[in-house]
Amino acid sequence: MHTALDRPGSSITREADVLIIGGGLSGAMLAAQLLRLPGRRNVLIVEPRSELGRGEAYSAVELGHTLNGNAARMSVDPDNADDLTQWLAEFIEAGGWPESDQQHVPVSELFPPRGIFGLYVQQRLAEARALGARNGSVAEHVRGEAVDLQVAGDAVLLTLDDGQTLRGRCAVLATGMFPAARTPQTESSGLNAAALDPWDVAAMRRLDPQSTVLIIGSGLTMVDAVVSLEQAGHRGPIEVFSRHGLLPHVRRQPPEWVDFLAADHSLRSPRQLMRALREQCRQAQAEGIDWQAPLDTVRAHIGRLWSQASEVQRRQFVRHVRPWWESHHHRSPPLSAELVARLHEEGRLRIQAASFKGLAPSAEGAVNIRIRRRGEADLTVVQGAALINSSGIEYDWRRVARPLPQQLLARGLVQPGPLALGIAARPDGAVLDAQGEPASRLFAMGPPLRGMWWESTAVTDVASQAKALAARLVQLQST
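Residues numbered from 1 in each chain as written. Predicted model: local features only at pLDDT ≥ 70, side-chain atom pairs only at ≥ 80, totals over all residues. Heavy atoms only, no water.

*Asks:* What exactly am I supposed to notice about the overall build of the protein here?
*Replies:* In terms of helices and strands, the protein carries 15 helices and 14 strands. Over its C-alpha trace the protein gives a radius of gyration of 23 Å, about what one expects of a compact globule, namely 23 Å for 479 residues. If you line up the protein on its principal axes, its C-alpha atoms span 65 × 55 × 50 Å. Per-residue burial for the protein yields a buried fraction of 51% across its 479 residues. Sequence-distant contacts, at least 24 apart, represent 71% of the contacts inside the protein between residues at least 6 apart. Just so you have it, the protein exposes about 20900 Å², and 50% of that area is on carbon and sulfur atoms. Here the protein holds 51 positive side-chain charges and 52 negative ones, and the gap between their average locations is 5 Å. (Helix = DSSP H or I, 4+ residues; strand = E, 2+ residues; numbered from the N terminus. Rg over C-alpha atoms; globule rule 2.2 N^0.38 Å. Buried < 20%, exposed > 50% of the residue type's maximum accessible area, 1.4 Å probe, protein only. Contact = heavy atoms within 4.5 Å. Areas by Shrake-Rupley, 256 points an atom, 1.4 Å probe, with all protein chains shown as cover. Lys, Arg positive; Asp, Glu negative; His and termini not counted. Charge placed at Lys NZ, Arg CZ, Asp CG, Glu CD.)

This is the structure:
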């Protein structure tokens with residue numbers, strides 16, 4: 001692939017102080033923070049979608065696809081935990097959210113549809129744009145996909161899929177998440193080509209309502225897929241296969257619990273943490289308090305615990321603890337959990353501990369998959385009318401068959417993060433190249449930093465990173 005530096009006669013089409021690659025939640029929040037800071041700056045946000053602030057997570061339009069955290073937990077303002085609650089109260093008062101089963105509870109405890117949350121992000125970005133305009137700052141949306149990036153002296157050159165070349169004093173990789181269901185893989189099993197999109201209700205309406213649907217993965221994407229099937233009118237069997245057969249727990253609203261990790265920094269290894277956490281949960285239950293209360297106090301310490309852990313300890317966590325951490329910590333919104341529980345009780349939805357081993361030949365109108373059930377040596381072929389890939393997020397950039405990740409790795413501008421989770425970077429977001437040297441003009445935030453902080457995808461994580469990185473970029477601009 002050739003870029004502006006390689007092609008004779010090529011020219012720069014746009015220039016900016018900051019290039020933000022990705023216009024989902026991460027990119028929109030970084031732009032908002034940059035616009036709020038004093039001084040004049042020009043920001044270009046590269047995003048192929050027609051709207052900013054939505055990305056993969058908040059482009060869902062069905063009201064049944066809700067956040068998995070209540071409003072009090074999902075503010076995009078790191079200085080105001082009640083920001084979403086306040087916005088949502090005004091939105092409901094104005095008639096923006098149709099009547100729902102949720103609206104008998106306090107606004108802070110609502111689980112808004114992800115589409116409505118996207119509107120909230122967009123409004124906060126619009127407000128920041130208006131504020132920035134008073135200082136002469138601007139943030140523009142450049143619609144296109146970034147396919148290559150090079151650092152040339154005192155600038156970053158970004159090539160888009162339509163041939164444009166953008167020049168910036170610095171660039172930020174705010175690429176968001178790569179859902180396995182929507183991401184081409186360098187080592188393809190053919191799963192995505194045969195599978196339905198978990199959020200494509202229209203495609204699911206074309207299925208025989210009584211047909212059997214197979215789902216790979218049992219996490220939150222699976223919960224979304226079941227909601228999609230229900231809204232599409234599907235009434236047949238749903239067979240779910242995952243290695244551990246674990247379902248996300250339902251998110252409840254437990255009372256506050258003492259922050260036991262703040263008082264004891266001697267807890268460092270995954271084993272020590274799990275032992276202490278189990279004891280705290282047993283103590284809570286003995287007092288008649290939900291076990292989720294002590295678990296929720298751990299959230300604020302994950303970045304510290306993960307960053308100070310050794311590689312051996314991290315591997316132990318990923319191998320032995322991760323499945324239970326995901327099912328207990330990344331919990332399902334109540335209405336979605338109720339649906340999954342009801343279908344399970346009715347016998348329509350079955351969860352099986354089994355590994356997906358590839359597709360098998362099938363007749364037209366059917367999908368056959370090979371699985372290996374836990375504890376069995378032989379493979380089994382299972383047939384359904386449709387297949388859904390709900391295996392979650394692909395964090396290993398080496399497996400993502402998209403132009404920009406591949407080019408960045410090939411050029412040695414980035415390297416895989418710890419345990420191949422995302423990419424490596426310093427705490428201030430400066431990415432590390434193939435030799436481990438920090439970049440002076442290339443930064444990252446959000447999901448690409450999964451390997452650094454473990455939890456780097458939640459709204460509050462992204463909001464805090466956006467604020468800190470914006471301050472760092474403004475400092476860089478002044479030097």
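*Asks:* Any chance you could explain the packing of helix 1 (residues 25-36) against helix 15 (residues 459-477) here in plain terms?
*Replies:* The description of two helices packed together rests on the angle between their axes and the distance between the axes. For the pair helix 1 and helix 15, interaxial distance at closest approach is 8 Å and the crossing angle is 45°. Relative to helix 15, the element helix 1 lies oblique. Handedness of the helix 1/helix 15 crossing: right-handed. Of helix 15, the residues touching helix 1 (which contributes Leu25, Ser26, Met29, Leu30, Gln33 and Leu34) are Val459, Val462, Ala466, Lys467, Leu469, Ala470, Leu473 and Val474. For the contact of helix 1 with helix 15, the residue count by class is eleven nonpolar, two polar and one charged. (Axes fitted to C-alpha atoms, helices over the stretch in contact; angles between N-to-C directions. Parallel < 35°, antiparallel > 145°, perpendicular 65-115°, else oblique. Left-handed = near helix turned anticlockwise from the far one by under 90°. Nonpolar A, V, L, I, M, F, W, Y, C, P; charged D, E, K, R; others polar.)

*Asks:* Just to check I follow, could you spell out the pairing of strand 14 (residues 438-444) for this structure?
*Replies:* A regular strand carries its side chains on alternate faces of the sheet. Bridge count for strand 6 (residues 165-173) against strand 14 is three bridges, and the pairing is parallel. Opposite Val172, over in strand 14, you have Phe443 as the bridge partner. Two elements, strand 13 (residues 430-432) and strand 14, share two bridges in a ladder whose sense is antiparallel. Counted as the bridge partner of Ala430 is Phe443 from strand 14. (Pairing = 2+ DSSP bridges.)

*Asks:* I tried to follow the pattern of salt bridges on my own but got confused; where do I start?
*Replies:* If the charged atoms of two oppositely charged side chains come close together, the side chains can form a pair. Taken as a whole, this structure holds 29 salt bridges when the rule is applied. The partner of Arg331 in a salt bridge is Asp296, and the shortest N-O contact between them spans 2.8 Å. Placement of Arg331 in the loop between helix 11 (311-329) and helix 12 (334-346) and of Asp296 in helix 9 (residues 292-298) is noted, with a sequence separation of 35 residues between them. Linked through salt bridges whose partners overlap, the residues forming this network are Glu47, Arg49, Glu56, Arg182 and Asp197. (Salt bridge = Lys/Arg side-chain N within 4 Å of Asp/Glu carboxyl O.)

*Asks:* Explain the environment of His328 to me, please; I cannot follow it from the model alone.
*Replies:* With respect to the helices and strands, the residue His328 is situated in helix 11. The partly exposed category is assigned to His328, whose relative accessible area is 26%. Between the C-alpha atom of His328 and that of Leu247, which follows or precedes it by 81 residues, the distance is 8.8 Å. Excluding anything up to four places from it in sequence, His328 contacts His249, Trp291 and Leu295. Separated by 2.8 Å, the side chain of His328 and the backbone oxygen of Trp324 make a polar contact. (Polar contact = N/O pair within 3.5 Å; in protein donor to acceptor, adjacent residues only side chain to side chain.)

*Asks:* Explanation requested: the confidence of the model for the protein in the structure shown.
*Replies:* Any residue range with low pLDDT should be treated as having predicted coordinates unsuitable for detailed reading. Mean pLDDT for the protein: 91, with 97% of residues reaching 70 or above. Across the protein, element-level confidence peaks in strand 2 (residues 42-46) with a mean pLDDT of 98 and bottoms out in helix 4 (residues 191-194) with 84. Scored below 50 in pLDDT, residues 1-9 shows 21 contacts in the model against residues more than four places distant or in partner chains. (pLDDT = per-residue confidence, 0-100.)

*Asks:* Any chance you could explain the packing of aromatic side chains here in plain terms?
*Replies:* Note on aromatic pairs: each is described by the distance of the centres and the angle between the planes. Going through the model one piece at a time under the given rule, you end up with nine aromatic pairs. Here the aromatic rings of Phe317 and Trp454 are separated by 5.2 Å at their centres, their planes lie at 85°, and the arrangement is edge-to-face. Of the two residues, Phe317 is situated in helix 11 and Trp454 in the loop between helix 14 (450-453) and helix 15; the sequence distance between them amounts to 137 residues. Taking the relative accessible area as the measure of exposure, Trp454 reaches 1% and is therefore buried. (Phe/Tyr/Trp six-rings, centres within 6.5 Å; stacked < 30°, edge-to-face > 60°.)

*Asks:* I'm lost on unusual backbone geometry in this one. Help?
*Replies:* What you tend to see is this: most non-glycine residues have negative phi, and most peptide bonds are trans. The residue Leu419 is not glycine, and still its phi comes out positive at about 60°. Note that Leu419 resides in the loop between helix 13 (403-410) and strand 13.

*Asks:* Before we go on, may I ask you to explain helix 15 in this structure?
*Replies:* Note on helix geometry: an α-helix contains 3.6 residues per turn, so any two residues three or four positions apart are oriented the same way. In a regular helix each residue adds 1.5 Å, so 19 residues correspond to 27 Å; helix 15 covers 27 Å between its end C-alpha atoms and thus fits that length. Among the structural elements, strand 1 (14-21), helix 1, helix 3 (114-134), strand 6, strand 14 and helix 14 are those in contact with the buried residues of helix 15. (Expected span 1.5 Å × (residues − 1).)

*Asks:* So what exactly am I meant to see when it comes to the sheet that holds strand 9 (residues 349-360) here?
*Replies:* Within a sheet, adjacent strands bond to each other through the backbone by hydrogen bonds, running parallel or antiparallel. Strands sit in the order 11-10-9-8-7-12 across an open sheet of six strands; the sheet is mixed. The open sheet has two edge strands with one neighbour each: strand 11 (380-384) and strand 12 (386-389). In this sheet, neighbouring strand axes are inclined to one another by 45° on average, regardless of whether the strands run parallel or antiparallel. Bridge count between strand 7 (residues 213-216) and strand 12: four bridges; the pairing is parallel.

*Asks:* Sorry, what's going on with helix 2 (residues 83-93) here?
*Replies:* Those residues of helix 2 lying buried are Asp83, Leu84, Thr85, Trp87, Leu88 and Phe91. On the buried face of helix 2, the contacting elements are helix 3. With its phi angle positive at about 80°, Gly95 sits one or two positions after the end of helix 2.

*Asks:* Where do I start with the environment of Gly176 in this structure?
*Replies:* Within the secondary structure, Gly176 sits in the loop between strand 6 and helix 4. Linking Gly176 and Val138, residues 38 residues apart in sequence, is a C-alpha distance of 22 Å. Sequence-distant contacts of Gly176, defined by excluding residues within four places in its chain, comprise Pro447 and Pro448.

*Asks:* Help me understand the nonpolar core, please; the structure alone is not making it clear to me.
*Replies:* Looking at soluble globular proteins, one finds that nonpolar side chains tend to be buried together. Among the nonpolar cores identified, the biggest contains 45 residues, and Ile20, Leu25, Leu30, Leu34, Phe117 and Leu473 are the most heavily contacted of them. For this core, the secondary structure elements donating two or more residues are strand 1, helix 1, strand 2, helix 2, helix 3, strand 6 and helix 15. Among residues more than four places away in sequence, those in contact with Leu34 are Val18, Ile20, Arg41, Val43, Ala470, Leu473 and Val474. Of all hydrophobic cores here, the second largest spans 28 residues; its members include Ala16, Ala171, Ile423 and Ala444. (Core = buried A, V, L, I, M, F, W, Y, C linked by side-chain atoms within 4.5 Å.)

*Asks:* Explanation requested: the environment of Gln292 in the structure shown.
*Replies:* Positionally, Gln292 belongs in helix 9. Gln292 sits in the buried class, given a relative accessible area of 0%. Taking the C-alpha atoms as reference points, Gln292 and Gly153, separated by 139 residues in sequence, lie 51 Å from one another.

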